[in-house]
Amino acid sequence: MSGAVPQRRGLLLAFVAVAIVVLAAFPHIAATYYVTLVLPAFAYAIALLGFNLLFGTTGLLSFGHALFVAIGAYCAAVLSSRVGVKSLELILLASSVAAVVAALPVALLSVRYVRIFFGILTLAFGMLFHSFLFKFYDLTGGDTGIRVLRPTILGMDFKELDKTAFLIGPFYYACLLLAVVLGVVMWRVVHSPFGLHLAAIRENPIKAEYLGVRVRRFRLLAFLISAFYCAIGGVILAVNTGQADPELAYWTHSGELVFMTVLGGFASFFGPVVGAFTFVFLKSELMGLTQYWRFCLGATLAVIVIVFPRGLMGLAKDASRKAAKR
Amino acid sequence: MSTASTLIETVDVGKAYGSFVALDGVTLSVKGGELVSIVGPNGAGKTTLVNVLTGLLKPTRGVVRFKGDDIAGIGPVKLAKRGMARAFQLVHIFPAMTVAETIGVAIVSQTGRSLDFFSSVRGDAAVRRRVEEVAGIFGLAGKLDSESRLLSQGEKKLLDIASAFALVPEVILLDEPTSGVSSGDKHGIMKTLIDAAERAGVKAIILVEHDMDLVAEYSSRIVALQGGKVLADRAPADFFSDPEIVAAIVGRKVGKVARSLA
Amino acid sequence: MTAFFDVLLGGVFHASVLFLVAAGLQLVFGVQRIVNLACGSFYALGAFFGITAVNWSIARGAPPWTFLPVLVIAGIVLGAIGPAIELLLRTVYKRDEAFQLLLTFALVLMFQDVLRFFWGANPQQLGNLSMSYGKVAIGAVSFPTYNVLVMAASVAIAVGLGLFLSRSRYGRILRATAENREMAEALGADVRWIYASVFTLGTMLGTVGGALVVPTSAASLDMPVELVVEAFAVVVIGGLGSMRGALVGALIVGLTRAAAISFYAELEVLAIYVMVIAVLVARPAGLFGKPVE
């Protein structure tokens, strides 16, 4: 992706710094309800940073990435409530490794295709996992799913805190830290030689090959990294709700991942993060306002696709460009 | 361009698609220091030959070797690693990437840093220097931070070729590099290409061209194909002095330069 | 043996309905290259509206046996939403496929609430109405006549569509536009009208399918998203854009599902998806599709 002009970059990073400070202070300044909303926003922000490496950077649109979010959630559930592993760090590690392992055959099969076939194939894999989760009651808890017990953070179980206090306290800060660290890592990846090659694959895979880029291999790697990030998002979602349920793998959930990414702006690094936060808060507000919130969300997506395909970050960039000209 | 060893060669290469014979017993070799032009009417087998030479097609008969190694069907990525690059007649660019980034892709891949996940490519001074170098050779130094899609058609063509050169290939194969360019600019482009090749350390150039004036002026050797067979493989002076060959390949219209060579 | 026939006929019935929806998908994809995620929404719309239409006609004194034609008419009438939706999709024709797909996803979301608004959140059904045609004996099994009629209708539509596409002038123009839009335009085809009419036809096939299935099951808000899963399996197995593929794919999916349910219920959708993946890997273009890229 073409880099922003240095001043714009500086401005962007300043914004990010302010955002992190605000997020850190949030539990102390905002109502509990809003703080609890930030947790799924963190989860989706992380998941989408990974998803957009595959979509925005490499140009592959998957309609099945909820599969990896679900893997993360179910790993957290199985580990915490059936195997007795409570350490958040171990759960995160195990879940993301599991997702990468699961992603390998999916990716190997899927990256041979592009565009609509890639989308349909990934949708198929996602639904395959969903039906497995839904039907095999003994293993997966069927439509109820599996409980997720409270994990320990750095070995501490915070027994004295009730569920909400734990979530908006230690867990919140753990998630914030995760989001920042994973964000920095993804920033480096996107701006690295590897990231440059991914962008080349997106722009013109034929030319990329002739410049020595191993197109299929790199698509595979981008896929694996995206699965890793999605799983971590899934762990956060599962700990937050206390339940891993099969609907996490349904294709419409994958559709929401794409929705959020495009809402925020798939051509921008922070687009997915903006999209995640906006979507989570928008959905919550809409659900409180009307029972027809799905229609409103659908209409929002339609407007974005038709009028503002570059999403909110696209609007912001246009606005700042106009301001710079004056 | 100095060494005179054989860089790329085909030995009795044939390519048949069922009963259709696209190439029939083509033997040619290109040595260091040469600029070989492949000419011939459409359907003569030029594209097939070029695809065999660049490892895209496996010949049904014969061998194709690059620096002594069999390269039948190895594909563009492995070919680039071995030291051969190719640019197409149809301009290929990365629309949303800048000139610097485009050339950067080639440099990064050529230095084997594709799997570098963490260093900043923008902040890499060595890469930037190489990018500026290559861009300078092709007159694109002023457009380094422009998005490729905003360039003029001629600049896009130059960028396409420049990125191929950035791979530091030993042999570069150019498919009609001057097509779509006005006659006045054609010679300019050829001179830029030859100059670039010298500065980039490219040892041989293979050209597929229709413009016989250019072919006559710049080639060290001309290979003419007809019906899948090699009709002639000679230096320009010999080539244009043979009326039969000229009639078969060029037809009646022969330009000034060609006539002066005859 | 009776169990086998039951499963077979059940599978073929399901396939008949699936074929209608898949045919609609294939038409739209074949000509406009759009994969319509909202196909299930049209299906559900047909189902709900069909119930309303039948209840309305019976309340006005129509004899019960008229429910089949009423359903068909209801489905066809609903096709009227086709042009409006096509106008919306027209805004993204020139864009990347991803956006077209996303716009149809937006439609899915919107339709969920449209259905909810008009018909509420509870599943609805037509009770025993389908039995008013009685049963018919096929081999050793007795099977509801209604189901047989639907299968026959489906076959008739398949044959009709096939003839229409291959023999009629419109059909030829359609195929030409599908092959090469610019050329067809240059030769005088009114592409806009073609796109609008094809999309409407595709929509109608979906709404009629939904209307026809409703006497044997229920109309519910889950239908839209669930059907997409099976419909996509059909078009992938059959090959994107191919009508023959829609027919064969529908049969394969319908029979697989029936067999899976009878042997090991958990396998139901799983079996279909394993098959989708297997087909995509072995023959990426599907059984009758054209190889892409």
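Notes on the structure follow.

About the criteria used
- Residues numbered from 1 in each chain as written.
- Chains lettered and ligands numbered in written order.
- Predicted model: local features only at pLDDT ≥ 70, side-chain atom pairs only at ≥ 80, totals over all residues.
- Contact = placed C-beta atoms within 7 Å.
- Helix = DSSP H or I, 4+ residues; strand = E, 2+ residues; numbered from the N terminus.
- Nonpolar A, V, L, I, M, F, W, Y, C, P; charged D, E, K, R; others polar.
- Pairing = 2+ DSSP bridges.
- Axes fitted to C-alpha atoms, helices over the stretch in contact; angles between N-to-C directions.
- Core = buried A, V, L, I, M, F, W, Y, C linked by C-beta atoms within 7 Å.
- Buried ≥ 20, exposed ≤ 12 C-beta atoms within 10 Å, placed from the backbone.
- Expected span 1.5 Å × (residues − 1).

Accessible area lost upon the coming together of the parts is a frequently used measure of interface size. Listed per partner, the contact involves 34 residues of chain C and 34 residues of chain A. Only helix 5 (97-119), helix 10 (223-238) and helix 12 (268-282) of chain C provide two or more residues apiece to the side of chain C that touches chain A. With 15 residues, the top contributor of residues to the side of chain C that touches chain A is helix 5 of chain C. Per-class residue counts for the side of chain C that touches chain A are 28 nonpolar, 2 polar and 4 charged.

Residues and elements named next belong to chain B. Strand order across the open sheet formed by 6 strands is 6-7-8-3-9-10, with mixed pairing between neighbours. Where the open sheet ends on each side, the last strands, each with one partner, are strand 6 (84-87) and strand 10 (229-234). Going from strand to strand, the sheet's axes swing by 15 degrees on average, the running direction of each strand aside. Taken together, the 4 bridges between strand 3 (residues 35-39) and strand 8 (residues 204-208) define a ladder with parallel strand orientation. If you follow Val36 over to strand 8, its bridge partner there is Ile206.

Below, the discussion takes up the nonpolar core. Ranked by internal contacts, the top residues of the largest apolar core, which has 301 residues, are Ala45, Ala70, Ala73 and Ala76 of chain A, Ala162 of chain B together with Ala22 and Ala231 of chain C. Here this core takes 17 residues from helix 10 (residues 215-241) of chain A, the largest share from any one element. Beyond its immediate stretch of four places on either side in the chain, Ala70 of chain A contacts Phe129, Leu133, Gly234, Leu248 and Ala249 of chain A.

Residues separated by three or four positions in an α-helix point in the same direction, a consequence of the helix having 3.6 residues per turn. Here helix 6 (residues 145-167) of chain C spans 32 Å end to end across 23 residues, near enough to the 33 Å set by a 1.5 Å rise per residue. Those residues of helix 6 of chain C not exposed but buried are Tyr146, Asn147, Val150, Met151, Ser154 and Leu161 of chain C.

Attention shifts here to the arrangement of the chains. Counting contacts across all 2 pairs of chains found in contact, the highest total belongs to chains A and B. Taking C-alpha atoms only, the smallest gap left between chain B and chain C, which are not in contact, amounts to 14 Å.

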